[in-house]
Amino acid sequence: MSRAPYAADPANSRGREFDQPGHGARGPRGAFQRDRDRIIHSIAFRRLAGKTQVFVAPDGDHYRVRLTHSLEVAQIGRVIARALGLDEDLTEALCLSHDLGHPPFGHPGEDALNTSLAPRGGFDHNEHALRTVMRLDTPYCDCPGLNLTWETLEGLAKHNGPVSQPGWALAELGAAFPLELSRWPSLEAQVAALADDIAYDNHDIDDGLRAGFLQLDQLLELDFIADLWRDIEKRFPNARRDEQLREMVRTQIGVMVNDLLETTRANLQGIENIAQVRGAGCALATFSPGMARQERTLKAFMYANLYHHEAQNRAAQAARSVIARLYAAYDQDPALMNSGWNETLPESEPERARHIADFIAGMTDRFAINQYARIYGERPEGLSNV
């Protein structure tokens, strides 16, 4: 499909923060293709294989982790981008990189780092994703970070919409390479954000059912899920229950994607270029009002029945304790950090505290557990939630 007039165009990219004159085009790749490839080849992306999505990563081979989730988001995002005539490479780059800032153990790990860093400006995983690709993951000899294009960085910074009050990390990065934080991002970024919602809304159901934290009878209390289930039972009466459940998840993804496409196409009537997208004053890639209500209802259900399940809460508390105690140990004795991190520790605050948080945020679940055991002489208890 040809590129729509409101799509991002790699030929008209605003460029990269740092010139790299020795980096000629390696093969027939556009600017956004190179961004996607830089992300895939990064250390930060590989570490996602060992970071919690919902269930602590060391437990269970079949549960999603941040890496598999990001790949699933990218698949959904690319389908939507192709159907709308958007730049698929930019959309995929944003989908693949949106979770690069997550610390070990997912949101409980983020909560603990935010608490530990509260006197120094706090911690936010979305902002840390930008910090990771712009400053921390540095494979090149001639510049810091992955040196991604302005459009990819803008999408990472604003995929949830304009930022009126950036935290310290985004404020610093935005001052170095202005990303127009008050304006709406590209459609590719808007699609990436919704692809993330579609993926985890539905795939977390799959994992929750597998773990036994969710039951089908609970899900069928939601009218729109019950309607899907009745149709699946009618179409596949002889299928195994687990096959029917997977069909339900796949069908719900398709329903949400089709609703998004129909609604977004209607919203784009009269939009002729990307400048109008950024100046629209609202999101243009959206669900219909009815689907948006269903999606909010589903999220509320998932928080009540999965994310805040008693076993999840116990594991989350254990995870917060691990991260908090790691931060306290490194703060008291920075020599406990890996040599490269200890040797580059700033002397003054808040840079010193933020440097320690950068080290912890980059850990996988397994590495954090091993570091805890090395420092405290015992492996942490209570992390298993399945």
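Above this text you will find the structure in question.
Residues numbered from 1 in each chain as written. Predicted model: local features only at pLDDT ≥ 70, side-chain atom pairs only at ≥ 80, totals over all residues. Heavy atoms only, no water.

(A) Representation of the layout of surface pockets in the model. The calculated volume of the largest pocket comes to roughly 1100 Å³. Lining the largest pocket we find 46 residues, and of these H107, D196, Y200, Y303 and Y307 sit closest to its centre. Among the elements of the structure, helix 3 (66-84), helix 5 (106-116), helix 6 (125-136), helix 9 (187-211), helix 14 (289-307) and helix 15 (310-332) are those that each provide at least two residues to the lining of the largest pocket. By residue number, the principal contributor to the lining of the largest pocket is helix 9, which donates seven residues. Here the residues of the lining of the largest pocket sort into 18 nonpolar, 18 polar and 10 charged. In this model, the second largest pocket occupies a volume close to 520 Å³. Residue lining of the second largest pocket: 28 residues in total, with I43, R47, G362, M363 and T364 positioned closest to the centre. Where the lining of the second largest pocket is concerned, the elements lending two or more residues are helix 2 (43-47), helix 6, helix 17 (351-361) and helix 18 (365-376). Considered class by class, the residues forming the lining of the second largest pocket number 14 nonpolar, nine polar and five charged. (1 Å grid on protein atoms, 1.4 Å probe; cavity = no way out; pocket = protein on both sides within 12 Å on 5 of 7 lines; lining within 4 Å. Points joined across faces, edges and corners; volume = space filled by probe spheres on them. Helix = DSSP H or I, 4+ residues; strand = E, 2+ residues; numbered from the N terminus. Nonpolar A, V, L, I, M, F, W, Y, C, P; charged D, E, K, R; others polar.)

(B) View of the environment of D142. Here D142 lies in the loop between helix 6 and helix 7 (150-158). Here the alpha-carbon distance between D142 and L90, two residues 52 residues apart in the chain, equals 24 Å. At 3.1 Å, the side chain of D142 forms a polar contact with the side chain of Q20. (Polar contact = N/O pair within 3.5 Å; in protein donor to acceptor, adjacent residues only side chain to side chain.)

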